[in-house]
Amino acid sequence: MTRIIYILFLMASFFHAGAQTFQDCISIDFENILGQSSEEGLVISDQFRDTFGLSFSLENGGSPVVAEVGAPVTAFGSSFGSDTPAPNQGIGSFFLTDDGVLSGLNSPPIILDFESPVDSFSGCILDMDFGELFIIHTRDIDDQIIFRDTVFSSDPGTGDGISTCWGFNLDGCEGSVYSIRFEGQRTQAGQFGMGIDNLVFCLSGIDIANAVSFRTTEVLCDGTPGSIQIINSSNEDFLYSIDGGFTFQSDPVFEDLDIGSYTIIVNDINGCEAEIDNVVVSAEGFTSLPQVITRPACDFENGSIEVNVNTIGISFSIDGIEFQESPFFENLDVGNYIVYLIDAAGCTLELPAEIVNEALLISDLNINDTNCNEPNGVIEVVPTFSNAVTYSIDGINFQDTLVFNDLPPGEYTVFIRDDRGCSDSQAAVILPSEEVVLSALSTPDWCNNGNGSIALEASGGSGNFTFFIDGQDGSDNPLGASSATFVDLIADTYSANALDDTGCMAEELVSVLPGESIIVSEVQTNNPNCEDLFGSIVLNS
């Protein structure tokens, strides 16, 4: 069984140059490669095989390359510059990218192969925005997927130039991961490249999670507290924590416990760790531990508390005086509460509950303006949270998805609301764009020997133009020019195109006419005679 967690605490320990080991863990940040200086375009393949048993490759063949922060752009563009992350992201001067070409909506997947299995891995993804997503597969020795996770550009911690850190570990340091596959995609128009940095992986240890079991005693109606006893079936010496890993003890017994669900952390002498959730201390008279579910309010009294319990015959109260059979309390203000439960035998429980103020807000709007003078603008809503939230751009028609596609230019108001009645709105503007306009002028192939020409001129669009005749860029126009001339053309009809930097294109059919042939219509000859010493020939054409 695997458990995916975010392990940002690992990343803070590994912002060092090159690659190093730390308590059976290895970090790679591509600042240098095994003591050798890194550089833009450096191919990364098997440099780490002999030392760490790690190889890099691309799924479609070839190998990933190192990218240097700054121009030229090979992986991503941000508001901070080409291949440049936001400040204070811990990236350094170099990171890993796929094939070093920024193009298309997909990147060639990067594959990491391990000769010996690993039990944990983390890394950081750079610059996730505008409908981008990042898919991670981990595979076992038989190349079967152990688990799959996806990071979306709308997830917390993502954004323009941001380093989004992701990771997993396996319970008990049990290593079974032999390869990891990274794939990047974007769902909106543009160009995509992948940026990865600060890789950390740890080698396998013993299976702590399956080496321990638990025995609990319940909290009695007379107030006697409960306990948890950890049973170690291995020959290893373990340390135990019940407070999230802040303090550890060698004694496997925790006493004086209230009812509740506890998380036990078990460490061995090598630093391998297992986290076992849901170790339950129940109460006498209750067949299962009740679960208190609170729902936050948003600036007015619309919070709620619900008690989920399997035991029948329970009465509920939030003031200890008035009891009810329903486990649901609604229209509650922000604050701390005590939920009182009493069963048929008179055993009571007091469970804490807190209702917080959690307003629904639009934290950001990702906007793609139109291009090619088409209604293809995009608005992506980034709410503070997305559970039970619906979205609208007219205040009337709401949808479950947070992206609005195929929008014409104009001013919009984006509305969001949830099933509590909380709402928010924010203005958005999608800018218009110009289509590419192409004009063409041809000169005939006068002598029918391939000396015709076509002159093209473009306007509108965005950025620089590239010109084509029948799909070939055969002109000598300088980059960025708004015109081009194609020469040495035979008489024919050609497809002329102008393409701008955003992919907008204009097309026109242009004919190069043939020249007229020279036809000799009459030949007159005059022979020499006695008066004229020479004859003559006269040609009429």
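Shown above is the structure to which this text applies.
Residues numbered from 1 in each chain as written. Predicted model: local features only at pLDDT ≥ 70, side-chain atom pairs only at ≥ 80, totals over all residues. Heavy atoms only, no water.

Undergrad: Just give me the short version of the nonpolar core, but keep the residues and values in it.
TA: When a protein is soluble and globular, its nonpolar side chains tend to lie buried together. The biggest cluster of nonpolar side chains holds 37 residues, and the ones touching the most others in it are F286, I305 and L341. For this core, the elements supplying multiple residues, two or more each, are β18 (226-232), β20 (253-257), β21 (260-267), β22 (273-281), β24 (303-308), β26 (328-332), β27 (335-342) and β28 (348-355). In contact with L341, other than residues within four places in its own chain, are F286, P290, V307, I314, S315, F316, C347, T348, L349 and L351. If you look at the next biggest cluster of nonpolar residues, it comprises 34 residues, including I33, F94, V118 and W166. (Core = buried A, V, L, I, M, F, W, Y, C linked by side-chain atoms within 4.5 Å. Buried < 20%, exposed > 50% of the residue type's maximum accessible area, 1.4 Å probe, protein only. Helix = DSSP H or I, 4+ residues; strand = E, 2+ residues; numbered from the N terminus. Contact = heavy atoms within 4.5 Å.)

Undergrad: Kindly report on the sheet that holds strand β37 (residues 465-469), identifying the contributing residues and their values.
TA: The 3 strands lie next to each other as β37-β39-β40, forming an open sheet whose pairing is antiparallel. Two strands in the sheet have a free side with no partner beyond their single neighbour: β37 and β40 (505-512). The average angle at which neighbouring strand axes cross in this sheet is 20°, direction not considered. (Pairing = 2+ DSSP bridges. Axes fitted to C-alpha atoms, helices over the stretch in contact; angles between N-to-C directions.)

Undergrad: Summarise the packing of aromatic side chains; cite the residues concerned and give the values.
TA: This structure, assessed with the given rule, holds 9 aromatic pairs. Note on F121 and F182: the rings are 5.9 Å apart at their centroids and 45° apart in plane angle, and the pair reads as tilted. Here F121 is found in strand β11 (residues 110-128), whereas its partner F182 is found in strand β15 (residues 177-186), with 61 residues between them in sequence. Here F121 matches F182 in class, with each residue buried. Ring centres of F465 and F467 lie 6.3 Å apart, and the angle between their planes is 40°; this geometry places the pair in the tilted category. The residues F465 and F467 share a single accessibility class, namely buried. Through successive ring pairs, a cluster of aromatic residues spans F114, F121, F134, F182 and F201. We note R417 situated over the ring of F398; from NZ or CZ to the ring centre the distance is 3.6 Å. (Phe/Tyr/Trp six-rings, centres within 6.5 Å; stacked < 30°, edge-to-face > 60°. Lys NZ or Arg CZ within 6 Å of the ring centre and 35° of its normal.)

Undergrad: Quick one: what's the story with the pattern of salt bridges, residue by residue and with numbers?
TA: Under the counting rule described, the total for this entry stands at 6 salt bridges. For E59, the salt bridge identified is with R181, shortest N-O distance 2.8 Å. Taken as a pair, E59 in the loop between β6 (54-58) and β7 (65-68) and R181 in strand β15 lie far apart in primary sequence, 122 residues in all. Look at E59 and you get partly exposed, because its relative accessible area is 46%. For the salt bridge of R186 with E132, the shortest nitrogen-to-oxygen distance reads 3.5 Å. In this pair, R186 sits in strand β15 while E132 sits in strand β12 (residues 132-139), placing the two residues 54 residues apart along the sequence. (Salt bridge = Lys/Arg side-chain N within 4 Å of Asp/Glu carboxyl O.)

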